[in-house]
Amino acid sequence: MAATLRPPGRRPLAALACGLAVVLFVALNTWADRSLRSLRLDLTEDGAYTVSEGTRAVLASIREPIVLRLYASAGLDALGPDYAALEKRTGELLGEYRRMSGGLLRVERFDPQAFSPEEDMAVADGVQGVPNLLDDTRLFLGLSGTNSTDGRYTIPHLAPERAAFLEYDLTRMVHDLATPEKPRVALIGDLPLAGDRVARARPWAVLEAAERFFDVTQLFGDIRRIDDDIDILWLAEPGALGEATLYAIDRFVMRGGRVLAFLDPFSETLAAARAGAPGRPPRPPGPTGPETLAPLLEAWGVDIPARTVVGDRAGALKVQATRGANVVVTDYPVWFEVGRGALAADDPATGTLALLQFRSAGHIRAREGATTTVGPLVRAGPEAAEIDVARIEYAPDPAAILADFAPTGERYTLAARVTGPVRSAFPDGPPDAAGDEAGDGAPLAEHGAGAAAPLALILVADADMLADEAWVDNRGPPGQPVAAPFANNGDLVVNLLDALAGSDAMIGLRGRGVSDRRFVVLDEMARRAESQYRAKERELRRRIDELQREIDGLGAGGAATGAARQAAIREARDDMLDLRRELREVRFALRKDVADLKARLTALNIWAVPAAIGLFAVGFALRRAWRNRAFRRAGA
């Protein structure tokens, strides 16, 4: 009998197909891991994982060899998955840099094991180790770089807290090594940007950021001349300047010098410094920056209104305030933040930024008949209004300020470019304090002439935004603080200096990675609840005060007996309890709307994707079953 050949059943074929699929999956992943490492898909809003054009420009500007040494310990996973992921991304990014540099950037990698020569090299290069909790060794993740002229720059510790700024930090290192000659900046101001060695106060982070790209020199005392080799004059809330210094600034501008000025109608930093230690009498307030520079601002065609700050309800920050015996959390419009919609998108200095924070900022306006043009760079939101300095100068009441806040709808200018032809603020020659000579060799007859070039001024009506508290959080391992920005204030300063210096290679890097984004709908609901609650609270306090005055009147007038007084007190207390209960109900109802929305969003995030996949699977199964039935009917 002849053997009958039968095709294999479905089960062996299915098992074979599954096996081949597994083999194909492993093979494709292995091939992709080896061949497609340079490919990236960046779905972040600000392209935080894409090598920017600024980085490409910096790498293209390298003219001499640069050597980067990456010190990465093999056991970094003992510090957590964040360190391991950061080490891998750093290595990949440096590989991209090496390829883009055309061979002028060399990357060396070392594993500094305990008591090894590599560990000695890391310590000599200034790289700091982190104690390993599993043993007595130290783990390293840092970077050092050198150029052909013995220039050296080190990132002592690459921290996960700054992972979003990794490209910026690496490119900044390459930029510093590739361009050792930096533009010169002269700094004049009363703000303690350089810190205080006596009080052991660290320099402000904004100054450290600026010094990475610029040669910053701080000028003190009576300044009679600003040297010709100064590229930019940086004014940071200068106090009482003499006429000689004002004249030196005027001559600097007349020679075509460029100015970045942070002038504040009320500096909280200086006010706190004047208050001094407890028990000591406060120092008298000095003149503000706009008051000191009033003659120059008038010549430049701009004005910052005195004794007036801007508040913004939409971007208000939450603060703790004391109301009676209670501590409440409330919106404080005087401290506010602005997002991309408030920044000039067409200006390279602000177009790449995401978030700025301001504190008791003033606003800028053009003077009538000015020959200059004011171009806004940063503006407050549509829910802004002016606030008198008297309300925030001594013991401000945030809840009362919020309750009385009435937006005007005006978009106040917080920072602006001022350009155009200008004339000297001293048309009759130098003041007596400056002496008989102009100080720059110009004859007296030319002192009233126009400037050698159009005015190049960038004016910011806030100086407190430079303080660390307004934009950076110092955190990290003990003894090794890491500056983690939560706003782009420092980026703004360096961008503005870059814009005045004529350099824009690094501007595209700044502002990438700030991930603190507001929930617009939730914030609006919270603001509405806060506004209604504060209005109700103020009405409650008014009613309580009236009841208290009524009780005091009964007692003082003697018209009421003791029993009547006690009855009035009981009635007043009952009224107050009713009002407080009503207040709690209103606040609970308004907060419940926010809580319900958060619950809906949470449920949507948790169940939306599984539900979509389940519906797709069910639909696919039904479609396949329908096709099988149709095929069987056709075969029959």
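Procedures and definitions
Residues numbered from 1 in each chain as written. Predicted model: local features only at pLDDT ≥ 70, side-chain atom pairs only at ≥ 80, totals over all residues. Heavy atoms only, no water. Helix = DSSP H or I, 4+ residues; strand = E, 2+ residues; numbered from the N terminus. Buried < 20%, exposed > 50% of the residue type's maximum accessible area, 1.4 Å probe, protein only. Areas by Shrake-Rupley, 256 points an atom, 1.4 Å probe, with all protein chains shown as cover. Pairing = 2+ DSSP bridges. Right-handed = clockwise from strand over helix to strand, strands pointing away. Expected span 1.5 Å × (residues − 1). Phe/Tyr/Trp six-rings, centres within 6.5 Å; stacked < 30°, edge-to-face > 60°. Lys NZ or Arg CZ within 6 Å of the ring centre and 35° of its normal. Salt bridge = Lys/Arg side-chain N within 4 Å of Asp/Glu carboxyl O. Axes fitted to C-alpha atoms, helices over the stretch in contact; angles between N-to-C directions. Parallel < 35°, antiparallel > 145°, perpendicular 65-115°, else oblique. Left-handed = near helix turned anticlockwise from the far one by under 90°. Contact = heavy atoms within 4.5 Å. Nonpolar A, V, L, I, M, F, W, Y, C, P; charged D, E, K, R; others polar. pLDDT = per-residue confidence, 0-100. Core = buried A, V, L, I, M, F, W, Y, C linked by side-chain atoms within 4.5 Å. Patch = residues over 30% accessible without salt bridge, like charges linked within 9 Å, V, L, I, M, F, W, Y side chains within 5 Å.

## Looking at the overall build of the chain
Next, step 1: For the chain, the helix and strand inventory stands at 15 helices and 21 strands.
Next, step 2: The proportion of buried residues among the 636 residues of the chain is 42%.
Next, step 3: Working note: accessible area of the chain is about 34,100 Å², and carbon and sulfur atoms make up 56% of it.

## Things to note about unusual backbone geometry
Next, step 1: Of note, Arg307 is a non-glycine position whose phi angle comes to about 55°, a positive value.
Next, step 2: By the secondary structure assignment, Arg307 is in the loop between β10 (302-303) and β11 (308-312).
Next, step 3: One non-glycine residue, Ala395, lies in positive phi territory at about 50°.
Next, step 4: Tracing the backbone through its elements, the reader meets Ala395 in the loop between α11 (390-393) and α12 (398-404).

## Here's the deal with the pairing of strand β1 (residues 66-72)
Next, step 1: In terms of burial, β1 is a largely internal element, six of the seven residues being buried.
Next, step 2: Sheet topology note: the β1/strand β2 (residues 105-110) ladder contains six bridges and is parallel. Following the sheet pairing, Tyr71 is matched in β2 by Phe110.
Next, step 3: Between β1 and its parallel partner β2, the chain crosses via helix α3 (residues 81-100), and the hand of that crossover is right-handed.

## Regarding helix α5 (residues 166-178)
Next, step 1: With 13 residues, α5 should cover 18 Å at 1.5 Å per step; its first-to-last C-alpha distance of 18 Å lies within 8% of that length.
Next, step 2: Of all 13 residues making up α5, twelve are buried, and the element is well covered by its neighbours.
Next, step 3: Every buried residue belonging to α5 is among Leu166, Glu167, Tyr168, Asp169, Leu170, Thr171, Arg172, Met173, Val174, His175, Asp176 and Leu177, and all of these are buried.

## Brief notes about the packing of aromatic side chains
Next, step 1: Scanning the model with the defined rule gives four aromatic pairs in all.
Next, step 2: Their ring planes at 65° and their centres at 5.5 Å tell us that Tyr332 and Trp335 sit as a pair that is edge-to-face.
Next, step 3: Among the residues examined, Tyr332 registers a relative accessible area of 5% and is labelled buried.
Next, step 4: Between the aromatic rings of Phe336 and Phe358, the centroid separation amounts to 5.9 Å while the plane-to-plane angle is 25°, which identifies the pairing as stacked. With Phe336 in strand β13 (residues 326-338) and Phe358 in strand β14 (residues 356-359), the pair connects residues that are 22 residues apart, well separated along the chain. The burial state of Phe336 is the same as that of Phe358; both residues are buried.
Next, step 5: For the cation-ring pair, Arg359 lies above Trp335, with the distance from its terminal atom to the ring centre recorded as 4.1 Å.

## A closer look at the pattern of salt bridges
Next, step 1: The tally for this structure, following the rule as stated, stands at 21 salt bridges.
Next, step 2: The residue Glu87 makes a salt bridge to Arg109 at a minimum N-O spacing of 1.8 Å. Taken together, the residues span a long stretch of sequence, with Glu87 in helix α3 and Arg109 in strand β2 at a distance of 22 residues.
Next, step 3: The partly exposed category is assigned to Arg109, whose relative accessible area is 47%.
Next, step 4: Each of Arg69, Arg106, Glu108, Asp125 and Arg152 takes part in one network of salt bridges that share partners.

## Overview of the packing of helix α2 (residues 53-60) against α5
Next, step 1: Axis separation between α2 and α5 bottoms out at 10 Å; the angle between their running directions is 20°. By the angle between their axes, α2 is roughly parallel relative to α5. Considering only the axes of α2 and α5, their crossing is left-handed. Contact with α2, carried on its side by Thr55, Val58 and Leu59, involves Glu167, Thr171, Val174 and His175 of α5 and no other residues of that element.
Next, step 2: A breakdown of the residues in the contact of α2 with α5 according to their chemical character gives three nonpolar, three polar and one charged.

## Here we look at the confidence of the model for the chain
Low pLDDT marks regions whose predicted coordinates should not be analysed in detail.
Next, step 1: Here the chain averages 81 in pLDDT, and 77% of its residues register 70 or above.
Next, step 2: When the elements of the chain are averaged for pLDDT, helix α14 (residues 520-557) gives the smallest value, 64, and strand β8 (residues 232-236) the largest, 97.
Next, step 3: Within the model, the stretch residues 441-445 combines pLDDT values under 50 with four contacts to residues more than four positions away or in other chains.

## Observations concerning the sheet that holds β8
Next, step 1: Reading across the sheet, the seven strands line up as β7-β6-β8-β9-β19-β18-β16 and stay open at both edges, with mixed pairing between neighbours. In this open sheet, the two edge strands, each paired with only one partner strand, are β7 (215-218) and β16 (373-379). Neighbour-to-neighbour, the strand axes of this sheet turn through a mean angle of 20°, independent of strand direction.
Next, step 2: Direction of pairing for strand β9 (residues 258-262) relative to strand β19 (residues 455-460): parallel, over a ladder of five bridges. Directly across from Val259, in β19, lies its bridge partner Leu457.
Next, step 3: Along the sheet, helix α7 (residues 243-254) contacts β8, β9 and β19; its crossing angle with β8, the most-contacted strand, is approximately 140°.
Next, step 4: Along the sheet face, helix α13 (residues 489-501) touches β6 (184-189), β8, β9, β16, β18 (413-420) and β19 and points at about 160° away from the line of β9.

## Thoughts on the pairing of strand β5 (residues 152-155)
Next, step 1: Where strand β4 (residues 138-147) lies against β5, four bridges are found, and the strand directions are antiparallel. For Ser144, the partnering residue across the bridge sits in β5 and is Thr154.
Next, step 2: What sits between the antiparallel neighbours β4 and β5 is a turn of four residues, in which Asp150 has the positive phi angle 65°.

## Some remarks on the nonpolar core
Next, step 1: Counting 53 residues, the largest nonpolar core has Leu193, Trp234, Phe262, Phe358, Val378 and Leu497 as the members making the most contacts within it.
Next, step 2: Of all the elements, α13 adds the most residues to this core, at six residues.
Next, step 3: Beyond its immediate chain neighbours, meaning those up to four positions away, Phe358 contacts Val334, Trp335, Phe336, Val338, Val378, Leu414, Val460, Asp462 and Met465.

## Looking at a nonpolar patch on the surface
Next, step 1: Residues Val22, Phe25 and Val26 make up a contiguous nonpolar surface patch of about 310 Å² in total accessible area.
Next, step 2: Turning to its location among the elements, Val26 is positioned in helix α1 (residues 10-35).

## Notes on the side chain of Thr90
Next, step 1: Residue placement: Thr90 occurs in helix α3.
Next, step 2: Taking the relative accessible area as the measure of exposure, Thr90 reaches 0% and is therefore buried.
Next, step 3: Those residues in contact with Thr90 that sit more than four places away from it in its chain are Leu70, Leu158 and Leu166.

## Quick notes on the environment of Asp473
Next, step 1: Summarising the element assignment, Asp473 is placed in strand β20 (residues 472-475).
Next, step 2: It is 6.0 Å that separates the C-alpha atoms of Asp473 and Pro485, two residues lying twelve residues apart in sequence.
Next, step 3: If sequence neighbours within four positions are ignored, Asp473 has contacts with Val482, Ala483, Ala484 and Phe486.

## Some details on α13
Next, step 1: Taking 1.5 Å of rise per residue, the 13 residues of α13 would be expected to cover 18 Å, and the 19 Å separating its terminal C-alpha atoms lies within 8% of that figure.
Next, step 2: Most of α13 sits inside the fold, with eleven of its 13 residues counted as buried.
Next, step 3: All of the buried residues in α13 are Asn489, Gly490, Asp491, Leu492, Val493, Val494, Asn495, Leu496, Leu497, Asp498 and Leu500.

## Focus: the packing of α3 against α5
Next, step 1: It is at 11 Å that the axes of α3 and α5 come closest, and there the two elements cross at 45°. When the axes of α3 and α5 are compared, the pair comes out oblique. Judged by the twist between their axes, the crossing of α3 over α5 is right-handed. Note on element contacts: α5 touches α3 through Leu166, Glu167, Leu170, Thr171 and Val174, opposite Leu86, Arg89, Thr90, Leu93, Leu94 and Tyr97.
Next, step 2: Broken down by class, the residue content of the contact of α3 with α5 amounts to seven nonpolar, two polar and two charged.

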